[in-house]
Amino acid sequence: MARININYLNLKAGYLFPEISKRVRVFQKNNPKAKIIKLGIGDVTLPLPKQVVRAMKKAVQDMGTSKGFRGYGPEQGYLFLRELISKHDFGSRGVSIDPEEIFVSDGSKCDTGNITDIFGIQNRVAVTDPAYPVYVDTNIMDGRSLEYLPMVSDNNFEPPLPKKKADLIYICSPNNPTGIPATRAALKKWVKYAREHQSIIFFDAAYEGFIRNPAIPHSIFEIPGARQVAIEFRSFSKAAGFTGTRCAYTVVPKQLMGQGRGRQKISIHGLWMRRQTTKFNGVSYPIQAGAASIYSVKGRRETKKLTDYYMMNAKIIRKYMKALGLEVYGGTDAPYIWIRAPYNMSSWEFFDLLLSEAHVVGTPGSGFGPSGEGYLRLSAFGSRKDVENAMPRIKKVIG
Ligand code: MLT
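Residues numbered from 1 in each chain as written. Predicted model: local features only at pLDDT ≥ 70, side-chain atom pairs only at ≥ 80, totals over all residues. Heavy atoms only, no water.

1. Notes on the site of the ligand
Quick note on the threshold: For each residue, the test is whether any non-hydrogen atom lies within 4 Å of the molecule or strand; if one does, the residue is near. Two N or O atoms form a polar contact when they lie within 3.5 Å of each other; inside protein one atom must be a possible hydrogen donor and the other a possible acceptor, and for residues adjacent in sequence the pair counts only when both atoms belong to side chains. Using a 1.4 Å probe, the Shrake-Rupley method yields the accessible areas, and only the shown protein chains count as cover for residues. Ten residue types, Ala, Val, Leu, Ile, Met, Phe, Trp, Tyr, Cys and Pro, are classed as nonpolar, four, Asp, Glu, Lys and Arg, as charged, and the remainder, Gly among them, as polar.
The environment of the ligand is formed by Phe17, Ile41, Gly42, Tyr132, Asn176, Tyr207, Lys238, Tyr336 and Arg377. One of the backbone nitrogen or oxygen atoms of Gly42 is found 2.6 Å away from an oxygen atom of the ligand. Lys238 places a side-chain nitrogen or oxygen 2.8 Å from an oxygen atom of the ligand. In the complex, 85% of the free accessible area of the ligand, which totals 270 Å², lies under the protein chains. Tallied by class, residues from the shell around the ligand come to five nonpolar, two polar and two charged.

2. Quick notes on the pairing of strand 5 (residues 168-172)
Defined as follows: When a residue's accessible area, from a 1.4 Å probe over protein chains only, is under 20% of the maximum for its type it is buried; when over 50% it is exposed; and in between it is partly exposed. Think of it this way: any DSSP run of H or I at least four residues long counts as a helix, any run of E at least two long counts as a strand, and we number them from the N terminus. Two strands make a pair as long as DSSP finds a minimum of two bridges between them. Crossover handedness is defined here as right-handed if the route from the first strand over the helix to the second strand goes clockwise, with the strands pointing away from the viewer.
Counting buried positions over the five residues of strand 5 gives five, a clear majority of the element. Burial along strand 5 is two-sided: the face carrying Leu168, Tyr170 and Cys172 and the face carrying Ile169 and Ile171 are both buried. As judged from the three bridges shared by strand 3 (residues 125-129) and strand 5, these two strands associate in the parallel manner. Residue pairing across strands places Val127 opposite Tyr170, the latter belonging to strand 5. Where strand 5 meets strand 6 (residues 200-204), five bridges bridge the pair, whose relative direction is parallel. Counted as the bridge partner of Ile171 is Phe203 from strand 6. Crossover connection from strand 5 via helix 6 (residues 184-197) to parallel strand 6: handedness right-handed.

3. Observations regarding the layout of surface pockets
Inclusion rule: Each cavity reported here is a set of points on a 1 Å grid over the protein atoms alone in which a 1.4 Å probe fits but cannot get out, each pocket an open set with protein on both sides within 12 Å along at least five of seven lines, and each lining residue one with an atom within 4 Å of a point. Grid points are joined across faces, edges and corners, and a volume is the space filled by probe spheres set on the points.
In this model, the largest pocket occupies a volume close to 870 Å³. If you go around the largest pocket, you meet 27 residues; those closest to its centre are Gln198, Ile200, Met257, Gly258 and Gln259. For the lining of the largest pocket, the elements supplying multiple residues, two or more each, are helix 6, strand 9 (257-259), strand 10 (265-267) and helix 7 (268-279). Looking at the lining of the largest pocket, the element that brings in the most residues is strand 9, giving three residues. A breakdown of the residues in the lining of the largest pocket according to their chemical character gives ten nonpolar, twelve polar and five charged. Considering only enclosed or pocket space, the second largest pocket measures out at about 610 Å³ in volume. For the second largest pocket, the lining is made up of 25 residues, of which Asp89, Glu208, Gly209, Arg300 and Thr303 are closest to its centre. Of all the secondary structure elements, the ones that give two or more residues to the lining of the second largest pocket are helix 3 (79-90), strand 7 (230-235) and helix 9 (297-323). Of all the elements, helix 9 adds the most residues to the lining of the second largest pocket, at four residues. Grouping the constituent residues of the lining of the second largest pocket by class yields eleven nonpolar, seven polar and seven charged.

Dropping the structure here:
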């Protein structure tokens, strides 16, 4: 009989979001009249920007002509997109990223999960807790153990440095799930740590487009010295509405090195290139053309409108939850609001209460790690109508 990867037996039964969907489905089946409002998974609800639709349509039409047809594209993404990313996402902030350091992909979920392929099993991993479950689950799949770095109200959501030397460190800013961004001082501290310990930081900036405070860095590469110690993950999913169309990218600086046999230094950029060219055939041309269109003047205006809409939802949720006397975090530079469950309820108790009494779905904080226990995350990605309808329902239950 074929032997399985027994590390999978160490995972929790189901991945967080399908697990929540399952509970919601059961509730809906038993309560067919309930009009459930979903503020759980961070999935966008507004349509794609017009510029994106136009660019995608044109690209598809081009593909239908012998002149415009394209077969396999470069596994790392078309240069036209990588040049735009380099110029607008980094150059405009004074950060120099070579287009060759950018790898276009079909999602940050895949990239943050797949990146561990190129790192040894013996690496010590540190993860801020609570965290996007992909970081933890993919390391468990590989058989690595992790050190959790608690981010809680007691430490102002600033995770401590690892107790044991960490080789790989996950940082997500603005943070999913707490909605709190890392300050420049905090990122400097991490870059210093990584340089001193020869660690590599996996910096997940999927929610960068929602930063509103001008003092918050958008990229870890704004911190001097980060090019030698960090990989950055970015996504078009949330800020440009690409959760269904799939496009993201990862920046791997050419200076970044890992240890090979003995003291041999190996280029991480080269390894990621090797991995991607072997296991990935690139994102389709129409999708990359759509992604490129958001860097036009009109495209940027439209995506700003999208993120402003969700940030207004976040403001409404924050205001309402605060007025109920709840402890509320995040939601000012990220589309997530992190709420302490009232009456000492556990995360799942609060989740169940909101689902059964208010017919509102959140995400239980404990699903993001031990330090998430006692919290619940509300997503600001719903429609305005849903957000506005959900608030009085929650008030009725806990007000
Ligand atoms: C979330 O709700 O945390 C995200 O939607 C998950 C994801 O982006 O995969």
